[in-house]
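# Survey of secondary and tertiary structure
The primary structure of each chain is shown beneath.
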Amino acid sequence: MRIARFSIDGNVAFGAVEGDKPDELVLDIIKGIPFADFELSGTKVPLAKVRLLPPVLPNKVVAFGRNYAEHARELGNEVPDAPFAFFKPSTSVIGPGDEIRYPSFSEELHHEAELAVVIGRMCREVPRDRVKDVVFGYTCANDVTARDVQRREKQWARAKGFDTSCPLGPWVETDLDLAAASDLTVQLTVNGEQRQLGRTSEMIHPIEDLIVNITEAMTLLPGDVVLTGTPAGVGPLDVGDEVAVTIEGIGTLTNKVVKRG
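These numbers were taken from a predicted model, which means no experiment stands behind them.

Helix and strand content of the protein: 6 helices and 20 strands. For a compact globule of 261 residues, the expected C-alpha radius of gyration is about 18 Å, and the protein comes in at 17 Å, within 12% of that figure. For the protein, the spread of C-alpha atoms along the principal axes amounts to about 55 × 45 × 30 Å. Going through the 261 residues of the protein one by one, you find that 53% of them count as buried. Here the protein displays about 11700 Å² of accessible surface, and carbon together with sulfur accounts for 48% of that area. Measuring between centres, the 28 positive side-chain charges of the protein sit 5 Å from its 39 negative side-chain charges.

When you tally the buried positions in helix α6 (residues 207-215), you get 7 out of 9 residues, the bulk of the element. Within α6, burial applies to Ile207, Glu208, Leu210, Ile211, Val212, Ile214 and Thr215.

Strands sit in the order β13-β10-β18 across an open sheet of 3 strands; the sheet is antiparallel. Lying at the two open borders of the sheet, with one neighbouring strand each, are β13 (145-146) and β18 (235-237). In the sheet, strand β10 (residues 109-111) pairs with β13 via 2 bridges, with the strands oriented antiparallel. Across the sheet, residue Leu109 finds its bridge partner in β13, namely Ala146.

Next up on the list: the side chain of Asp143. Note that Asp143 resides in the loop between β12 (135-142) and β13. Looking at Asp143, its side chain comes within polar contact range of the side chain of Lys88, at 2.6 Å. In this structure Asp143 touches Phe86, Lys88, His110, Glu112, Glu114, Lys160, Ser165 and Leu227, once residues within four positions along its chain are discounted.

Glancing now at the packing of aromatic side chains. For any pair of aromatic rings, geometry is given as the distance between the ring centres together with the angle between the planes. Per the counting criterion, the structure on display carries 4 aromatic pairs. Seen from their ring centres, Phe84 and Trp156 are 5.2 Å apart, and the 65° between their planes marks the pair as edge-to-face. Placement of the pair is Phe84 in strand β7 (residues 84-88) and Trp156 in the loop between α3 (147-153) and α4 (157-161), with a sequence separation of 72 residues. Given the relative accessible area of 34%, Phe84 is considered partly exposed. Among the residues examined, Trp156 registers a relative accessible area of 12% and is labelled buried. Ring geometry for Phe86 and Trp156: centres 5.0 Å apart, planes at 70°, overall edge-to-face. Separated by 70 residues along the polypeptide, Phe86 in strand β7 and Trp156 in the loop between α3 and α4 bring together distant segments of the chain.

About the thresholds
- Residues numbered from 1 in each chain as written.
- Predicted model: local features only at pLDDT ≥ 70, side-chain atom pairs only at ≥ 80, totals over all residues.
- Heavy atoms only, no water.
- Helix = DSSP H or I, 4+ residues; strand = E, 2+ residues; numbered from the N terminus.
- Rg over C-alpha atoms; globule rule 2.2 N^0.38 Å.
- Buried < 20%, exposed > 50% of the residue type's maximum accessible area, 1.4 Å probe, protein only.
- Areas by Shrake-Rupley, 256 points an atom, 1.4 Å probe, with all protein chains shown as cover.
- Lys, Arg positive; Asp, Glu negative; His and termini not counted.
- Charge placed at Lys NZ, Arg CZ, Asp CG, Glu CD.
- Pairing = 2+ DSSP bridges.
- Polar contact = N/O pair within 3.5 Å; in protein donor to acceptor, adjacent residues only side chain to side chain.
- Contact = heavy atoms within 4.5 Å.
- Phe/Tyr/Trp six-rings, centres within 6.5 Å; stacked < 30°, edge-to-face > 60°.

What follows is the structure in structure tokens.
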């Protein structure tokens, strides 16, 4: 099931996305929230009539860096022996169609296409064989990075945590199991030109290891998001660019870069 979060006539709701053709998609409005038992209302609205929002509002976004060997090498970094985590604040999250605002303190903004794991239940110290029980689903992410700031400041809080640096969407796909999610095509285009192309099977540390690693240290809550790293091919974004992340079996997340006002 594809679960979207949307607004219509000033109201915010979750809905199940139905249909196959992009111009014929509809939302069946959900009674309640998708992280608990819910029912479909049977009230349907065309997707074209609503504004899609970030599919979840995470308490925290846990991201893992340098989880694809070729990406680590393209930036001159060593491949880490263990998962390498950092955080993006909830205020960095935007949804499909929202604007990425070029930060005033950077002159080198980069795109990073990523598979995002959405957590479905409160969990900590998750054993590897139970990871499947805490995953709600998967969505597309763009770990937008002020690369010059990342190099200059050595730590990544401002470089990867600025407002609008974490586009998520367009919805959460709940029908993928861990095996399927571990071998998906991840690609990114800028103004229609392909920049990144990889597969989640190229991850150094698979999804299970990432969830085990972070829940050893902290509790994850329903709606929290785990970013799993980016394949090689990261590169610059300029004001006016349209950047699109497409992940096999999930969908496409599109955002435009604008000058920060």
